[in-house]
Amino acid sequence: MSAGETTITVVGNLTDDPEIRFTPSGAAMAKFTVASTPRTFDKTTNQWRDGTAMFLRCTAWRDLAEHVGDSLTKGARVIVTGRLRQHNWQTPENENRSMLGLEVDEIGPSLRFATATVTRAQRAAAGGTPPADAWNTGTPANGGWGAPAQGKESQFSDEPPF
C-alpha cells in the first residue's frame, strides 16, 4: 500500500456467489458485490428503518481470491477491508462514466449473527510469498517462538508450541 490511498472497511452481505476467473498468467481473481444498508431506530414509531443500500463491487486477487471462492456464498455477511479504486470509461455513445470499486486486502465472515469454523489453507512453498505463518517455521534465524530443541529437525506444524 502506498501513501494517500483511501482504505475503508465495509460490513454487508454478498449479493451473489463470488465469480472466480483466472488471468492468462494464471493469477486468480474473485469479483463479488457487497450490499451494505444502514439501519436507524425511529423512536417515534419504535421500529428500525432501513436507509439507502450501497452496493460496492469488490475484487480480490491470487490466494485470497481462491479462498473467497471456496469459503463465501450469496447472502454471507462479511467484513471487507481494502482500497477504493475509481474506474473510468467511455460508453459507445462517448459518455464518460465512472464507478468506485474496492480492491480487497482482507475479508472474513461476520460473526455477529453466525459462527464459522476456520481451516488454515495449505500453500505450496515454490517461490513467491511465504506462508502467513512463515515466522513460526521453527528456525532460530526467524527468531520465532517455534525454535526447535537442540538436535531436533525443524518442521512446519499447525500445532502451537505450548
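It should be emphasised that the depicted structure is a prediction, and the values quoted were computed from it without experimental measurement.

Engineer: So, the nonpolar core: which residues are in play, and what are the values?
Structural biologist: Ranked by internal contacts, the top residues of the largest apolar core, which has 18 residues, are Phe32, Val34, Val78 and Ile107. For this core, the elements supplying multiple residues, two or more each, are strand E1 (7–14), strand E3 (28–36), strand E6 (54–61), helix H1 (62–71), strand E7 (77–90) and strand E8 (96–109). When residues in this core are grouped by element, the largest group, 4 residues, is from E3. Residues within four places of Val34 in sequence aside, it is in contact with Val10, Gly12, Asn13, Leu14, Met54, Phe55, Leu56, Cys58, Val78 and Val80.

Engineer: Can you break down the confidence of the model for the protein chain residue by residue, with the values?
Structural biologist: For the protein chain, per-residue confidence averages 82 on the pLDDT scale, and 75% of positions sit at 70 or higher. Confidence, read as mean pLDDT per element, is least for strand E4 (residues 39–42) in the protein chain (92) and greatest for E3 (97).

Engineer: Could you give me a rundown of the environment of Phe113, with the residues and numbers involved?
Structural biologist: Structurally, the position occupied by Phe113 is in the segment after E8. For Phe113, a relative accessible area of 68% gives the class exposed. Taking C-alpha positions, Phe113 is 8.5 Å from Arg77, a pair spaced 36 residues apart along the chain.

Engineer: Can you break down the pattern of salt bridges residue by residue, with the values?
Structural biologist: Counting across every chain of the model gives 9 salt bridges. Between Glu5 and Arg85 there is a salt bridge, and its shortest N-O distance comes to 2.8 Å. In this pair, Glu5 sits in the segment before E1 while Arg85 sits in strand E7, placing the two residues 80 residues apart along the sequence. Take Glu5: its relative accessible area is 22%, and that puts it in the partly exposed class. Glu103 is paired through a salt bridge with Arg83; the nearest N and O atoms lie 3.4 Å apart. In this pair, Glu103 is assigned in strand E8 and Arg83 in strand E7, connecting sequence segments 20 residues apart. According to the relative accessible area criterion, Glu103 is partly exposed, its value standing at 24%.

What counts as what
Residues numbered from 1 in each chain as written. Predicted model: local features only at pLDDT ≥ 70, side-chain atom pairs only at ≥ 80, totals over all residues. Heavy atoms only, no water. Core = buried A, V, L, I, M, F, W, Y, C linked by side-chain atoms within 4.5 Å. Buried < 20%, exposed > 50% of the residue type's maximum accessible area, 1.4 Å probe, protein only. Helix = DSSP H or I, 4+ residues; strand = E, 2+ residues; numbered from the N terminus. Contact = heavy atoms within 4.5 Å. pLDDT = per-residue confidence, 0-100. Salt bridge = Lys/Arg side-chain N within 4 Å of Asp/Glu carboxyl O.

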